Amino acid sequence: MMAEKTKAGCRQVTMKDVARAAGVSVSSVSLALRNDSRISPSVQERVRREANRLGYRFNLSGALLSQSRPKLLGVVAHFDQELHTAYVREIADLASGSGYRIIAENAALYDDPATALEKLAQLRVANVIAINPPVYNTDEDILPTVVIAQDTDLPQADLVRSDNMQGVTELASHLRQLGHRCVYYLAGPQGVSGDARLEMLASVLKREDIEMYPWQAGNTLSAGFAAMQDLLVRLWQRGRNAEAENFFPARVGALGKTTAIVCYNDQCAMGAYLALLKAGIDVPADVSLVGFDNSAAGASPAFSLTTIDRCPRKVAEAAFSLACARREGRETEIRRVTVPTHLVVRSSTAQANFLRRVGK
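Residues numbered from 1 in each chain as written. Predicted model: local features only at pLDDT ≥ 70, side-chain atom pairs only at ≥ 80, totals over all residues. Heavy atoms only, no water.

Chemist: Account for the layout of surface pockets, naming residues and giving values.
Modeler: The space that makes up the largest pocket amounts to roughly 670 Å³. Lining the largest pocket are 35 residues, and of these His-84, Asn-132, Pro-133, Ser-193 and Tyr-264 lie nearest its centre. Among the secondary structure elements, those contributing two or more residues to the lining of the largest pocket are α5 (82-96), β6 (146-148), β7 (158-163) and α8 (192-207). The element contributing the most residues to the lining of the largest pocket is α8, with four residues. (1 Å grid on protein atoms, 1.4 Å probe; cavity = no way out; pocket = protein on both sides within 12 Å on 5 of 7 lines; lining within 4 Å. Points joined across faces, edges and corners; volume = space filled by probe spheres on them. Helix = DSSP H or I, 4+ residues; strand = E, 2+ residues; numbered from the N terminus.)

Structure, rendered in structure tokens:
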């Protein structure tokens, strides 16, 4: 094991020095500094205390190279997506108490999404959790072992998916009770997850007798802002149409007959919110607004978004458990795990504007 210099820089402190000071074996020091569960918490604390006193610094790279099968898990995510970072944070928290190390790669940094997998493979990370991954055209040996998404085309990977049906059903009922009968959906990027959500929303809202019109947007604040601006132009043009006003005489408001906007995720919804405010349209007095993912920013008083909670802690627990089972050889069959979602109601949704006018 490589050693580090003391704080004073006089000489290198070795594991032997720490073991002698703590009254344990060198192997116990190595295990304790890796938070291995085979070493009791009291011994781990004593070893860490003596290591700090002596100025020893654990050489993680050396320790990993010395192990034939290091307890490493990789995570590939897009760090510009708040839900992805929530998953990574929860997985890292679970790993810290289980003796595992997490190495996360930001797939948004690379033109080729497989590059993130290749980087992890170079660090001897054999078990990888990929969050909403694209189609990989790469060596099967470095493909992810666990996928967090609505579906996957990777037959060798376990899948953890959110059951959006429960949350969407609650949303449809919520909108129906508030009197909303016509909504626009600011859709996310095309792909397995985006297409599945669009199809589910259309089907469930139709059952509640709510018209839904899709409008292409994206998964970022800027995409939501731009899409909402484009949609406003279309709706205002339609609102000036005499035929539309005659057909919905009591239901034409600031956005024509549209009284609610549902967005692909909270980031998209926050962009839409800003576009509406800049156009002089009040949320929720003129139009209700809904997001997905229950992000921290969306939950803040600045936006207070009604949203669908994807329960990232439960998703992370399922993905981490599956990845550990693969790493430890406890699971050989491909698993499919579903985590339920639920609606979180905040102040961005309210009674449809035409109903409030009728009541005045």
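There's more to say after this.
Chemist: I'd like a description of the packing of helix α1 (residues 15-22) against helix α2 (residues 26-33), backed by residues and values.
Modeler: In contact at an axis separation of 8 Å, α1 and α2 are set at 95° when each is read in the N-to-C sense. With respect to α2, the axis of α1 lies roughly perpendicular. Along its contact with α1, which presents Met-15, Lys-16, Val-18 and Ala-19, the element α2 presents Val-26, Val-29 and Ser-30. Residues belonging to the contact of α1 with α2 are distributed by class as follows: five nonpolar, one polar and one charged. (Axes fitted to C-alpha atoms, helices over the stretch in contact; angles between N-to-C directions. Parallel < 35°, antiparallel > 145°, perpendicular 65-115°, else oblique. Contact = heavy atoms within 4.5 Å. Nonpolar A, V, L, I, M, F, W, Y, C, P; charged D, E, K, R; others polar.)

Chemist: Please give an account of the nonpolar core that cites residues and values.
Modeler: With 26 residues, the main nonpolar core has Leu-186, Met-228, Leu-231, Ile-261, Cys-263, Leu-276 and Leu-289 as its most contacted residues. Elements that contribute at least two residues to this core include exactly β8 (182-187), α9 (221-239), β10 (260-263) and α11 (266-278). In terms of residue count, α11 provides more of this core than any other element does, seven residues in total. Leave out the neighbours within four places in its chain, and Leu-231 touches Tyr-184, Leu-186, Trp-215 and Ile-261. Within the second largest apolar cluster, 25 residues are counted, among which are Ala-95, Cys-311, Val-315 and Cys-324. (Core = buried A, V, L, I, M, F, W, Y, C linked by side-chain atoms within 4.5 Å. Buried < 20%, exposed > 50% of the residue type's maximum accessible area, 1.4 Å probe, protein only.)

Chemist: Please provide a residue-by-residue account of the side chain of His-84, values included.
Modeler: Inspection of the secondary structure puts His-84 in helix α5. According to the relative accessible area criterion, His-84 is buried, its value standing at 8%. At 3.0 Å, the side chain of His-84 and the backbone nitrogen of His-78 are in polar contact. (Polar contact = N/O pair within 3.5 Å; in protein donor to acceptor, adjacent residues only side chain to side chain.)

Chemist: Account for helix α13 (residues 312-327), with residues named and values stated.
Modeler: Taking 1.5 Å per residue, 16 residues should reach 22 Å; α13 reaches 22 Å between its end C-alpha atoms and fits that length. The element α13 is largely enclosed, with a buried count of 12 among its 16 residues. Residues Pro-312, Val-315, Ala-316, Ala-318, Ala-319, Phe-320, Leu-322, Ala-323, Cys-324, Ala-325, Arg-326 and Arg-327 constitute the buried set of α13. Of the residues one or two after α13, Gly-329 is the one with positive phi, at around 70°. (Expected span 1.5 Å × (residues − 1).)

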